[in-house]
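Working through the structure, step by step
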Amino acid sequence: MGRLSGKVVLVSGAARGLGAAAASTMALEGAKLVVCDILDEEGEDVAGGIQAQGGEAIFCHVDVAHQADWAAATDEAVRRFGGVDVLVNNAGLHLGKGIEEATLAEWQRLCDVNLTGAILGIKALLPTLRERAQASEHGGAIINMSSTSGLVGSANAPLYSLTKGGITLLTKALAVDFGQRGYRIRVNSVHPGMVDTDMGLQSVVARARRLGTDDLELARAQAVRAYPLGRMATTRDIAQALVYLASDESSFVTGIALPVDGGFTA
Ligand SMILES: NC(=O)c1ccc[n+]([C@@H]2O[C@H](COP(=O)([O-])OP(=O)(O)OC[C@H]3O[C@@H](n4cnc5c(N)ncnc54)[C@H](O)[C@@H]3O)[C@@H](O)[C@H]2O)c1
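This report concerns the structure included in the present document. (Residues numbered from 1 in each chain as written. Predicted model: local features only at pLDDT ≥ 70, side-chain atom pairs only at ≥ 80, totals over all residues. Heavy atoms only, no water.)

Examining the pattern of salt bridges
Condition: Any carboxyl oxygen of Asp or Glu within 4 Å of a side-chain nitrogen of Lys or Arg constitutes a salt bridge here. Each helix is a run of H or I in the DSSP string that is no shorter than four residues. Each strand is a run of E no shorter than two, and both are numbered from the N terminus. Residue exposure (1.4 Å probe, protein chains only): buried if accessible area is under 20% of the type maximum, exposed if over 50%, otherwise partly exposed.
Throughout the structure, instances matching the rule amount to 12 salt bridges. Here D177 ties to R181 by a salt bridge, and the two come within 2.7 Å at their closest N and O atoms. One end of the pair, D177, and the other, R181, are both in helix α5 (residues 158-181), 4 residues apart, so they sit about a helical turn from each other. D177 gets classed as partly exposed once you look at its relative accessible area, which sits at 25%. Put simply, R231 and D237 hold a salt bridge, and the shortest N to O gap is 2.8 Å. Several salt bridges converge on common partners, so that one network encompasses E76, R79 and R80.

What follows is the structure, encoded as structure tokens:
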């Protein structure tokens, strides 16, 4: 028995990076996966990889900022797997620009994906999450991907920090609300430090720009010095935290902001 046996998990932004690692790790723990992203080919590959390992997975094209995409993916998940037990709001954009350089259009796109995307996901999935939660022993879960930048200010990416801070408090507010309403859906957020993904590289580039250098290794080394454990996170570090929060092992855990950051925010 895997730690997620019998659960259906939908992960947004799962075609690469943290989302892809989370989907694959959760499938190895016995979950059925709904892999969502705007990158169709890469997303199909992630779902195919899970199937090749003997797991069950489908890919759905979801731009998290589009309500119709969420509705279609939810319908497909219900049709194929009977519903969803766990929603992982993982899709996100980075914007490594200061407030003076960032344009209004960039801010609005950041909001559309990082904030509106999470809200639309929760709105779309709530009916099936609630239904499945009532019928299950320990209920369902929503996990929102925030960041260390959603706990402390990021000088390199203040607007990104703002969106991730919003996710931190949306998580806590909904944890209290859904708990009091008896929905049996836990809501938690995960806060990775820097991880070696496409987005991790973007944050290194932003740091290098701030340091006034093209030397990305120098910028990376400077960033790593802020981590007491002396390294960047791996996608596996983050995926393991997601498995815990999705599983019944965390059935009395709701409203937490879990840093997985090698001690950065400590
Ligand atoms: N990598 C890091 O250092 C780091 C640190 C802290 C938090 N995070 C957070 O973790 C999450 C995943 O980051 P990552 O490092 O894997 O990034 P990534 O850029 O490697 O992957 C992000 C994924 O989201 C998808 N995506 C982007 N816009 C989308 C949209 N509108 N609709 C659907 N999918 C969309 C992309 O296609 C991609 O597959 C993000 O929310 C990010 O903010 C990352």
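From this point, things continue past the structure.
Brief notes about α5
Going by this rule: Given a helix with a known number of residues, its expected span is that number minus one, times 1.5 Å. By the convention used here, residues are in contact when the closest approach between their heavy atoms is within 4.5 Å.
The end-to-end C-alpha distance of α5, which contains 24 residues, comes to 34 Å, matching closely the 34 Å that a straight helix rising 1.5 Å per residue would cover. Turning to α5, its buried residues are L159, Y160, S161, T163, K164, I167, T168, T171, L174, A175 and F178. Elements in contact with the buried residues of α5: α4 (104-135), β5 (140-145), β6 (185-192), α6 (198-211) and β7 (257-260). Downstream of α5 by one or two residues, G182 has phi in the positive range, about 75°.

Description of the sheet that holds β6
Cut-off, in case you're wondering: For two strands to pair, DSSP has to find at least two bridges joining them. Lines fitted to C-alpha atoms define the axes, with helix axes restricted to the stretch in contact, and inter-axis angles between N-to-C directions lie between 0 and 180 degrees.
Pairing in this open sheet of 7 strands is parallel, and the strands run β3-β2-β1-β4-β5-β6-β7 from one edge to the other. With partners counted over all chains shown, the strands left at the sheet margins are β3 (57-61) and β7, one partner each. Strand after strand, the sheet turns through a mean of 20° between neighbouring axes, direction not considered. The sheet contacts of helix α2 (residues 40-52) involve β2 (32-37) and β3, and relative to β3 the element is tilted by about 170°. On the sheet, helix α8 (residues 235-246) packs against β4 (86-89), β5, β6 and β7 and is oriented at approximately 165° with respect to β6.

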